[in-house]
Amino acid sequence: MSNNVLHGSPWSAFAGPNLGYVMEQYDLFLQSPEEVEPALVELFQQYGAPVLVEGGVEVAVTGGAVTSQADFSKVLAAVKLAQSIRTYGHLAADIYPLNNRALDKAKVEESAFGLTLADLAEIPAAVFFKNVPAGIQNGRDAIAYLKSVYTDKIAFEYNQVGTTEEHEWFQSQIESGALFATVSADEKKALLDRLTHVENFEKFIHKTFVGQKRFSGEGLDTQIVLFDEILKTAEAKNVKNVRIGMAHRGRLNVLTHILNKPYDMMFSDFAHVSNELFMPEHGRLQITKGWTGDVKYHMGASYVRDSGMTVKLAYNPSHLEIGNPVVLGSTRATQDDVFVNGSAQHDATSGLGILVHGDAAFPGQGIVTEVMNFAKTKGFTTGGTIHIIANNMIGFTTELYDSRSSTYSSDPAKGYDIPVIHVNADHPEAVAQVGRFAAEYRQKFGKDIIVDLIGYRRYGHNETDDPTVTNPETYKLVSKHDPVRVLYGTKLVAEGLVTEEQVKALDNAAYAEMQAAYDHVKEMAEKDEHKHLEMPEALKVDFPQVDTTTSVERLQAINEDLLVFAEGFEPQNKLGKILEKRRDAFATGKIDWGHAETLAFATMLQDGTPIRFTGQDAQRGTFSQRHLVLHDKNNGSEFTPLHHIQDVNVSFTVYNSPLTEAGVVGFEYGYTLENDNVLAIWEAQFGDFANMAQAMFDNFISGARAKWGQKSGLVMLLPHGYEGQGPEHSSSRIERYLQMAAENNWFVANCSNAGNYYHLLRRQAALLGTEGVRPLVVASPKYLLRHPLAAANAEQLANGSFQEIIEQPGLGTKAEAVERIVLGTGKVMIDLADRVKDGADFDHLHIVRVEQLYPFPSAQIADVIAKYPNAKEVVWVQEEPKNQGAWNYAIENLYELSEGKKLRYVGRPAMSSTSEGDADAHKEAQAAIISEAVTETAKVK
């Protein structure tokens, strides 16, 4: 069978004895390939057996057929030449506006294959094409045509694409001329007008706001043209939502010309006049704001186009590519129908993600490959992303050889079966054609595609830089190079479509439009009240009061539903017994962590809250505690009990995620920004693994509400607790989340009880869609998952509520005798509970578990301390080292609450590592901590 049916096979060039010879050689190839000429072996491997189909596509050629062994070799060489042009034509293509890259034409020249034009003229055109383009008479015409489409202003890399259908489509679109659709006179004039406004926008800011940073997109002006064509094609394909992510360079032009942020509104940001004065009345433009604000080239916006399609540009910090997974998570949320029972229903055709990358950042930032790896995964696919490399051929200040080890910035994408199109940014019509093509491909095949838009950078990294300091040769070329608007205007003048006077008049009119907009800003400045934005009132509440109660009967019914399997389904024997014990847990009061969590999910679903849960082992649980998705022991089929409880009309979706943290956390955060009805949960395999997603916490989750006004209810479960398993399996680095805690930006909790965790989750679900919503960071347990002292009973679940603090039962009953009040959080508090048992012989002691660390429950703790007038010391106990954990955060809060009592720390000393790596050393240190915390002889006299 043929391995490549992309164009006509060479067999049609052979007739008579020559065809017989080839067929004999093929028989020999099947038996002893080493005895066959290498060139012919290659041909057999590529095209399979020689065939002659009468009346079909492949026919024997009579006129001009091969008549000698010499001619036979020429045909083989010509076929290899054609394939080389298709494969390597990009290396010889005219895709560099500054013409400062050496082109490699060796692989596309006839001489490299021992051929002459005369040789090619003797070969039939059918050798090269499945369907011969019009006007192609012979091999010479065919090779010239192939060069014209593969080495011009657009270059293609698609051999890495895996399927024959895609390969055929790509080649057909290129070689049939469909990709290079004729641009009408009116379309050309519209392109010139668009480029004139794009250039004048940058030019006006540069002249009017001297020295202000804007991170100009000049040199890649046609990026706007590219966006235009992608969006128009997407609209024609009934895409309803487009989500765009990009770093700062060129962002202001995209905001203005793609998101339709008015010129006066943009200029007001430079003039320090409130942009709210210029918000269009039509209501189709939306911009969110926080109360601290951010620089203008980090801001985003949302715009509803005439067709009804919503286009959003995501807010993004300066950390270049870090916004990529956030945008894709947002895109996925637009595609999911969550108001169905079972898993969310995914329709990738309804939403489109577009990511704009820097040429140095694309191969340099690992987060890029993380999101490309999502493309075919069930839980994270968005049905294909259009990646645009805004390629100005330079990094921060460095040349490309400092940035990568590959030929192109786009090369990492080829390992993911992604086609790449390189296009010269100085040729607007070519860019427009590529935009349409990329959107067509994405919608047809549901896969990623790369557009490498190659241009230059007219100014330095920002407009205050002098790039000649580091890149003198490059900027000699840039200084002599006309902007694309000038080049295209000259082209249209030469074509007779416009006159030079019309080009100049268009330029002047566009600049005048900018000036008029700025004049309006200056007029409105007098009306600007310069209001200071403040945190929403709902966020000023430390402890939102939410009713999370239900009934025991409802929980009992849910529990029974969860234990009914599909007919014929058999869980693994051990797991079946574990699940069966959940039936008795209501009577015994031993509802463990995973059980309580599942009941919380079930009640939320019945209450109308869709749930999306991801993590590297989320379905089972890292510690085999969850079992949300069961597998039949006989055939491996899956069964999700939460899909089969009564009265549920929303989705429950749980995915095991790829082995990546930054990408998945960003994705889930983006999902919550788009759909605030869904409770999205991410679980780290171990809490310390969240280190790999630190940029997401720093740049987005902790501060996006204050910077950009973006709300999220994302839940992050970070397994935490010291069990002697070594540094990376102990700490969730909870100190980092507490260090970033301010302005009620999130909740940070470390529960010691399954029932309290149940109510914490239900509280979070109830806050979704409200002004009081905020992310939730949970230091979740390992050892406590099955600990009897951490178990809950049905009454606690039904009629309890989330408790910010929990006082140790059995202690503090003799208030006058209490001399030490011990506070701490999480698993160590259960170790203490295990030590004090029912409180006998510990009259001197009272223990308080701080279940919510941020916002810190100061009022509740103050009330507890006030009950014990003879207390001499307040102790904070923790298993983490002194420079880690919650101590440095807690001490600031406890200093005033202790009211002159001694404030003391009990725990490990400061350490550079998070814990010991030896189990025996861990046990010894842990025992010492517990002993010091409770022993009466250690109290203050």
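Draft legend 1. Spotlight on helix 18 (residues 552-562). Regarding helix 18, the residues found buried are Leu555, Ile558, Asn559, Asp561 and Leu562. All buried residues of helix 18 project into a common sector of 160° when viewed along the axis, lining one side. On its buried face, helix 18 sits against helix 19 (573-588), helix 20 (593-606), helix 25 (754-767) and helix 26 (794-799).

Draft legend 2. Representation of the nonpolar core. Phe170, Phe267, Ile354, Phe697 and Trp746 are the most contacted members of the largest nonpolar core, which totals 184 residues. Beyond its immediate sequence surroundings of up to four residues, Phe170 is in contact with Phe156, Tyr158, Pro419, Ile421, Phe437, Tyr441 and Ile449. By size, the runner-up hydrophobic cluster in this structure holds 51 residues, among which are Phe613, Phe686, Tyr757 and Ala765.

Draft legend 3. Region of the structure containing the packing of helix 18 against helix 19. Two numbers describe how helix 18 lies on helix 19: the axes approach to 9 Å, and their chain directions differ by 165°. The angle between helix 18 and helix 19 places the two elements in the roughly antiparallel class. Every pair of crossing elements has a handedness; the one defined by helix 18 and helix 19 is left-handed. Here Leu555, Gln556, Asn559 and Glu560 of helix 18 come into contact with helix 19, specifically with Arg582, Arg583 and Phe586. Across the contact of helix 18 with helix 19, the residue classes break down as 2 nonpolar, 2 polar and 3 charged.

Draft legend 4. Seen up close, the sheet that holds strand 20 (residues 805-807). The strand order across the open sheet built from 5 strands is 20-22-21-24-25, with neighbouring strands paired in mixed fashion. Among the strands making up the open sheet, the edge pair consists of strand 20 and strand 25 (902-908). When the angles between neighbouring strand axes are averaged without regard to direction, this sheet yields 25°. Across 5 bridges, the pairing between strand 21 (residues 820-824) and strand 22 (residues 845-850) is parallel. Across the sheet, residue Gly824 finds its bridge partner in strand 22, namely Arg849.

Rules used in this analysis
- Residues numbered from 1 in each chain as written.
- Predicted model: local features only at pLDDT ≥ 70, side-chain atom pairs only at ≥ 80, totals over all residues.
- Heavy atoms only, no water.
- Buried < 20%, exposed > 50% of the residue type's maximum accessible area, 1.4 Å probe, protein only.
- Helix = DSSP H or I, 4+ residues; strand = E, 2+ residues; numbered from the N terminus.
- Arc of directions from axis to C-beta.
- Contact = heavy atoms within 4.5 Å.
- Core = buried A, V, L, I, M, F, W, Y, C linked by side-chain atoms within 4.5 Å.
- Axes fitted to C-alpha atoms, helices over the stretch in contact; angles between N-to-C directions.
- Parallel < 35°, antiparallel > 145°, perpendicular 65-115°, else oblique.
- Left-handed = near helix turned anticlockwise from the far one by under 90°.
- Nonpolar A, V, L, I, M, F, W, Y, C, P; charged D, E, K, R; others polar.
- Pairing = 2+ DSSP bridges.

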